[in-house]
Amino acid sequence: MKLIMAVVDDNDSIRVVEELTKKNIGVTRLASTGGFLKRGNTTLLIGLEEDKLKEVLDLLERICKPRKHVVTIFPGVPGETFAPYPVEVTVGGAIVFVLNVERFEKI
Amino acid sequence: MKLIMAVVDDNDSIRVVEELTKKNIGVTRLASTGGFLKRGNTTLLIGLEEDKLKEVLDLLERICKPRKHVVTIFPGVPGETFAPYPVEVTVGGAIVFVLNVERFEKI
Amino acid sequence: MKLIMAVVDDNDSIRVVEELTKKNIGVTRLASTGGFLKRGNTTLLIGLEEDKLKEVLDLLERICKPRKHVVTIFPGVPGETFAPYPVEVTVGGAIVFVLNVERFEKI
Ligand code: NI
Ligand code: NI
Ligand code: NI
């Protein structure tokens, strides 16, 4: 048995939980902030048998892969207007720790 | 030294913390949601010496054992009334990971 | 690779995160309550290479060392006044678990 602690982007965490739940892999979300990822993030606890490890790491990589988004910035102070301009931001990303579980109990 | 990460029902977490504290076993509550247990849950971090492991697992099993509760449902839409009826729900349950601690420091 | 789970005083957590970030050591804050420390506390997840372990434990010990603060208590009920008096309280302290990481992925 292994325990994955994964810090993922808030926006990706919902999809990760959905896909793991479909596969019957238990997952719990811990509220977390700052640090590893610059934006809002969620720490997931994922309990899994060793033979599912590759599948779950691939799932995390597929969903959480960093990608560019274009966001439009509307600058301006009251009474003045400036032209809006696009900014490219990176979203996603994940930090994944795989820990060995010495003993597992489902009560 | 071992670290237990236990995902327990919110309602059981208070009693677990109380009983562990009486035994002088350190425990911290992390806010967690969804996943392993369907209802609201709390993730507990419990630090303990190996020789307390059986005692703590037994405590978790005793307090968190899943059990049936009967809840009365009052159906109805505004202006209409239906007979209330009982529904049996399962509460409790816990997922327990025991991890090895390589080093422990109390500062 | 090691994972430190450290339960620290809320007031110390900001400085710990700042100093670790300056050293390029990843850290995530989990909202936590009660238990190991009597006051509000924060659980930090710190991922680090083994050769940074002493440096990070020293940093935690330096910032989180328990120390006495004098707090002034203003007793009183509406309509009556009592003399304010000083009370010495201990702040800081930390509980630190070092776990082995079997596998680490930065996605
Ligand atoms: Ni059992
Ligand atoms: Ni020391
Ligand atoms: Ni990879």
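Residues numbered from 1 in each chain as written. Chains lettered and ligands numbered in written order. Predicted model: local features only at pLDDT ≥ 70, side-chain atom pairs only at ≥ 80, totals over all residues. Heavy atoms only, no water.

(A) Spotlight on the overall build of chain A. In terms of regular secondary structure, chain A is built from 2 helices and 7 strands. Put simply, chain A runs from its N terminus to its C terminus through helices and strands in the order β-α-β-β-α-β-β-β-β. For chain A, the C-alpha radius of gyration of 18 Å lies well beyond 13 Å, the compact-globule estimate for 107 residues. By its C-alpha atoms, chain A is 65 × 20 × 20 Å across when sized along the principal axes. (Helix = DSSP H or I, 4+ residues; strand = E, 2+ residues; numbered from the N terminus. Rg over C-alpha atoms; globule rule 2.2 N^0.38 Å.)

(B) Expanded view of the coordination of the nickel ion (ligand 2). Distances from the nickel ion (ligand 2) to its protein donors, E105 of chain B (OE) and E61 of chain C (OE), fall within 2.7 Å. One end of the pair, E105 of chain B, is in strand β7 (residues 103-106); the other, E61 of chain C, is in helix α2 (residues 53-64), on a second chain. Here E105 of chain B falls in the partly exposed class, since its relative accessible area comes to 21%. Among the residues examined, E61 of chain C registers a relative accessible area of 34% and is labelled partly exposed. (Donors = N, O, S within 2.8 Å, 3.2 Å for Na, K, Ca; no water. Buried < 20%, exposed > 50% of the residue type's maximum accessible area, 1.4 Å probe, protein only.)

(C) Structural context of the nonpolar core. Judged by nonpolar contacts, the single largest core of 27 residues is most densely connected at L3 and M5 of chain A, L3 and M5 of chain B together with L3 and M5 of chain C. Those residues in contact with M5 of chain C that lie beyond four places of it in its chain are M5 of chain A, L3, M5 and L45 of chain B together with T43, L44, L45, I95, V96, F97 and L99 of chain C. (Core = buried A, V, L, I, M, F, W, Y, C linked by side-chain atoms within 4.5 Å. Contact = heavy atoms within 4.5 Å.)

(D) Region of interest: the pattern of salt bridges. For the coordinates displayed, the defined rule picks out 24 salt bridges over all chains. Close ionic contact of E102 of chain A with K2 of chain B constitutes a salt bridge, the shortest N to O distance being 2.8 Å. Of this pair, E102 of chain A sits in the loop between β6 (94-100) and β7 (103-106) while K2 of chain B is found in strand β1 (residues 2-9), placing the two residues in two different chains. A residue is classified by how much of its surface remains accessible, and K2 of chain B, at 5% relative accessible area, is buried. A salt bridge links E105 of chain B to R103 of chain B; the shortest N-O distance between them is 3.1 Å. A relative accessible area of 38% places R103 of chain B in the partly exposed class. Put simply, K2 and E50 of chain A together with E102 of chain C are held in one network by salt bridges that share partners. (Salt bridge = Lys/Arg side-chain N within 4 Å of Asp/Glu carboxyl O.)

(E) Region of the structure containing the interface of chain A and chain C. The interface of chain A with chain C comprises 26 residues on the first partner and 20 residues on the second. In total, about 1800 Å² of surface goes out of reach between chain A and chain C, with carbon and sulfur atoms giving 68% of it. Linking chain A with chain C are 5 residue pairs in polar contact (both at pLDDT 80 or more). Where the side of chain A that touches chain C is concerned, the elements lending two or more residues are β1 (2-9), β2 (27-33), β3 (41-48), α2 (53-64) and β6 of chain A. (Buried area = accessible area lost by both parts, 1.4 Å probe. Polar contact = N/O pair within 3.5 Å; in protein donor to acceptor, adjacent residues only side chain to side chain.)

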